[in-house]
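Chain by chain, the residues run as shown.
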Amino acid sequence: MAGKISFPHGNDWGVIGPEGDYDLPVESTLGHRFHLVDDEVIDRYDGVTDDEVREIDAARVVERQAEELQAARTALVRRVKTEAAQRIATLDWKVERARERDALNGTKTLQEVYAEREVIRRASNEAEAAIAKLASQEEILDFSW
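Within each chain, residues carry numbers counting from 1 in the order of the written sequence. Since the coordinates come from a predicted model, pLDDT governs what is reported: local features require at least 70, and pairs of side-chain atoms require 80 or more to be given and counted, while whole-chain, interface and lining totals use all residues. To get the side-chain values, all heavy atoms of the structure are used, and hydrogens and water are removed first.

Considerations on the overall build of the protein chain
Note on conventions: DSSP H or I runs of at least 4 residues are helices, E runs of at least 2 residues are strands, and numbering of each starts at the N terminus. Assigned secondary structure in the protein chain consists of four helices and five strands. Secondary structure of the protein chain in N-to-C order comes out as β-β-β-β-β-α-α-α-α. Radius of gyration: over C-alpha atoms. The globule rule applied is 2.2 Å multiplied by the number of residues raised to the 0.38 power. For 145 residues, the compact-globule estimate of 2.2 N^0.38 gives 15 Å, and the C-alpha radius of gyration of the protein chain, at 29 Å, exceeds that figure by more than 25%. With respect to the principal axes defined by its C-alpha atoms, the protein chain has extents near 90 × 25 × 25 Å. Classification of the 145 residues of the protein chain by burial places 30% in the buried group. Within the protein chain, contacts between residues at least 6 apart in sequence are counted, and of these 33% link residues at least 24 apart. Charge-centre separation for the protein chain: the mean point of 20 positive side chains lies 16 Å from the mean point of 31 negative side chains. Relative accessibility decides the category of a residue: with a 1.4 Å probe and only protein chains considered, values under 20% of the type maximum give buried, values over 50% give exposed, and everything between is partly exposed. We call two residues contacting when some pair of their heavy atoms lies within 4.5 Å. Lys and Arg are tallied as positive, Asp and Glu as negative. Neither His nor the chain termini are counted. Just so you know, the charge point we use is NZ for Lys, CZ for Arg, CG for Asp and CD for Glu.

Some words on the domain arrangement of the protein chain
Domain segmentation is taken from an automatic or database assignment of domains. The assigned domain composition of the protein chain is domain 1 (4-43) and domain 2 (66-142). Computed from C-alpha coordinates alone, the two centres of domain 1 and domain 2 are separated by 55 Å.

Here's the deal with the nonpolar core
Side-chain atoms within 4.5 Å are what join buried Ala, Val, Leu, Ile, Met, Phe, Trp, Tyr and Cys residues into a set we call a nonpolar core. Judged by nonpolar contacts, Leu69, Ala72, Leu76, Val77, Val80, Ala127, Ile131, Leu134, Ile140 and Phe143 together constitute the single largest core of ten residues. At the level of elements, helix H1 (50-89) and helix H3 (109-132) are the ones that each hand at least two residues to this core. Examining the composition of this core, we find that five residues originate from one element, H1, more than from any other. Residue contacts for Leu76: discarding those within four places in its chain leaves Ile131, Leu134, Ile140 and Phe143. Core analysis: the next-biggest nonpolar cluster, separate from the first, contains six residues, Ile5, Leu24, Phe34 and Leu36 among them.

Side note on the side chain of Arg117
Within the element layout of this structure, Arg117 appears in helix H3. In this structure, Arg117 is in contact with Ile88, Leu91, Asp92 and Val95, ignoring residues within four places of it in sequence.

Some words on helix H2 (residues 92-105)
Residues separated by three or four positions in an α-helix point in the same direction, a consequence of the helix having 3.6 residues per turn. Every helix has an expected span of 1.5 Å times one less than the residues it contains. End to end, H2 covers 20 Å across 14 residues, agreeing with the expected 20 Å (1.5 Å per residue, within 8%). Those residues of H2 lying buried are Val95, Ala98 and Asp102. Each buried residue of H2 lies within a common arc of 65° when the element is viewed along its axis, so the set occupies one face. Those residues of H2 that are exposed and angled more than 90 degrees off the buried face are Ala103 and Leu104. Against the buried residues of H2 lie H3. The arc under discussion is defined with respect to the helix axis, by the directions toward the C-beta atoms.

Here's the deal with the side chain of Asp102
In this fold, Asp102 is placed in helix H2. Buried charge without a partner: Asp102 forms no salt bridge, and the closest opposite charge is Arg99, 7.9 Å away. Any pair of N or O atoms that falls within 3.5 Å is considered a polar contact. Within protein, one atom must be able to donate a hydrogen and the other to accept it, and sequence-neighbouring residues count only if both atoms are side-chain atoms. A polar contact of 2.8 Å, which involves the side chain of Asp102, links it to the side chain of Thr109. Every case where a carboxyl oxygen of Asp or Glu lies within 4 Å of a side-chain nitrogen of Lys or Arg is listed as a salt bridge.

Thoughts on unusual backbone geometry
For Asp38, which is not a glycine, the phi torsion comes out positive at approximately 50°. Inspection of the secondary structure puts Asp38 in the loop between strand S4 (34-37) and strand S5 (40-43). Of note in the backbone geometry, Asp39 takes a positive phi value of approximately 65° without being a glycine. Topologically, Asp39 is positioned in the loop between S4 and S5.

Right, here's the structure in full:
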């Protein structure tokens, strides 16, 4: 194993090799665990082994994926809510017409239009519940409402 490190692309990611510019502060084969600060090699994972670094990195990946999935769910819910609001708004003309007809004819067509709007709201709520159960980015991308 090499005991030297270089930082050929900046101070934030080391490359370990036998001809490195700096000595490693700990024995390692993972260049990403080191960065250069004021010409000193610093170990980002002070006090842990390379195996523990790999475990930490894997846990961070899982956490980041979970955060990204939740952000995608949130964005999809916003889209559903926006579309539901637009669908409901497109019925505004029907509401006005139904009010006029009900006033002129003594009918109850306004209730029918309100029922149409309620169907949209329920479908939106069902879509939001389904979105909450989506478990992957692929499922998010495939979702339609």
